[in-house]
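The chain contents come next:
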Amino acid sequence: MREIVLDTETTGFDPKTGDRLIEIGCIELNDLLPTGRTFHRLVNPERLIPPEATRVHGITDAQVKDAPKFHDIVQDFLEFIGDAPLIAHNANFDRNFIDFEFSRFAITPPAEERWIDTLQLAQKRFPGMPNSLDALCKRFKISLVDRTLHGALIDSRLLAEVYLELRGGKERALDLTAVRTTAGAVTATGQPSYPPRPRPLAPLSTPQEHGIHREFLKTMLKDHSLWAAHGVIVDQGQEVAA
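Calculation notes
- Residues numbered from 1 in each chain as written.
- Predicted model: local features only at pLDDT ≥ 70, side-chain atom pairs only at ≥ 80, totals over all residues.
- Heavy atoms only, no water.
- Pairing = 2+ DSSP bridges.
- Helix = DSSP H or I, 4+ residues; strand = E, 2+ residues; numbered from the N terminus.
- pLDDT = per-residue confidence, 0-100.
- Contact = heavy atoms within 4.5 Å.
- Phe/Tyr/Trp six-rings, centres within 6.5 Å; stacked < 30°, edge-to-face > 60°.
- Buried < 20%, exposed > 50% of the residue type's maximum accessible area, 1.4 Å probe, protein only.
- Lys NZ or Arg CZ within 6 Å of the ring centre and 35° of its normal.

Caption draft 1: Highlighting the pairing of strand β3 (residues 33–42). In the sheet, strand β2 (residues 21–30) pairs with β3 via 7 bridges, with the strands oriented antiparallel. Opposite Leu-29, over in β3, you have Pro-34 as the bridge partner. Where β2 hands over to β3, the hairpin turn is made up of 2 residues, of which Asp-31 adopts a positive phi near 55°.

The following block contains the structure:
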């Protein structure tokens, strides 16, 4: 499943009072894991950045003076996010600014139902506890060593790790029960029938070792071989699936 983790930095708290978006960062996920594809842009807000905002994210007027305006990047942004769900922490904040920028050019913004708020997920899992991005990183032992200031892309990277934990943790990516049988998917012996691996493993044994194994089955184990219990018989020097 493709998802996009998103974060923004702004000049303030409310676009309705004149605040504007100045940075947007996105991380692409596939099955909850980063693919390596990112989208990151500084945006010219067409206004000055208050000093108190700069103290939070470190972005100055000089840095965005020659940056593209939002309408210059909107098509690239839309192409990157596609129709994927959008993951954000306190998603209403980011959504309000993005919706405002879209509305200035009569462009339909991403639908509200596409947004997934990790703050709400965290509040359900840890009611009554601090659930800021920093607090969640510390709770999940996610390193903050590279983060001295807020930044859209680095916060998206941290949020991607937090989101993985909120969805079940790193062990979910290694879940050996992810492939499950459907109703009735059993063999004639009543054993579950599993589909083939999407990426077959390379053989680790040599043809010579195969021959030695066949001889061992024929001469030593015969009908008591555990292989027979799994439908493998030895017939004239060949291992054959029953």
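Caption draft 2: Molecular detail of the confidence of the model for the protein. In this model, the protein carries a mean pLDDT of 84, and residues with pLDDT of at least 70 account for 77%. Here residues 175–193 scores under 50 on pLDDT; set against residues more than four positions off or in separate chains, the count is 13 contacts.

Caption draft 3: Up close: the environment of Leu-29. Its location among the elements puts Leu-29 in strand β2. Along the primary structure Leu-29 and Leu-164 are separated by 135 residues, whereas in three dimensions their C-alpha atoms are 9.9 Å apart. In this view, Leu-29 contacts Met-1, Arg-2, Glu-3, Val-5, Pro-34, Thr-35, Ala-160 and Tyr-163; residues no more than four positions away in its chain are not counted.

Caption draft 4: Structural context of the packing of aromatic side chains. Tallied over the full model, the rule gives 6 aromatic pairs. With a centroid separation of 6.3 Å and 70° between ring planes, the pair formed by Phe-77 and Phe-102 is classed as edge-to-face. Taken together, the residues span a long stretch of sequence, with Phe-77 in helix α3 (residues 70–81) and Phe-102 in helix α4 (residues 91–103) at a distance of 25 residues. Note on accessibility: Phe-77 and Phe-102 belong to one class, buried. Of the aromatic side chains, those joined through ring pairs into one cluster are Phe-39, Phe-70, Phe-77, Phe-80 and Phe-102. The ring of Phe-80 carries Arg-2 above its face, with NZ or CZ at 5.9 Å from the centroid. The cationic tip of Arg-139 hangs over the ring face of Phe-126; the distance from NZ or CZ to the ring centre is 4.6 Å.

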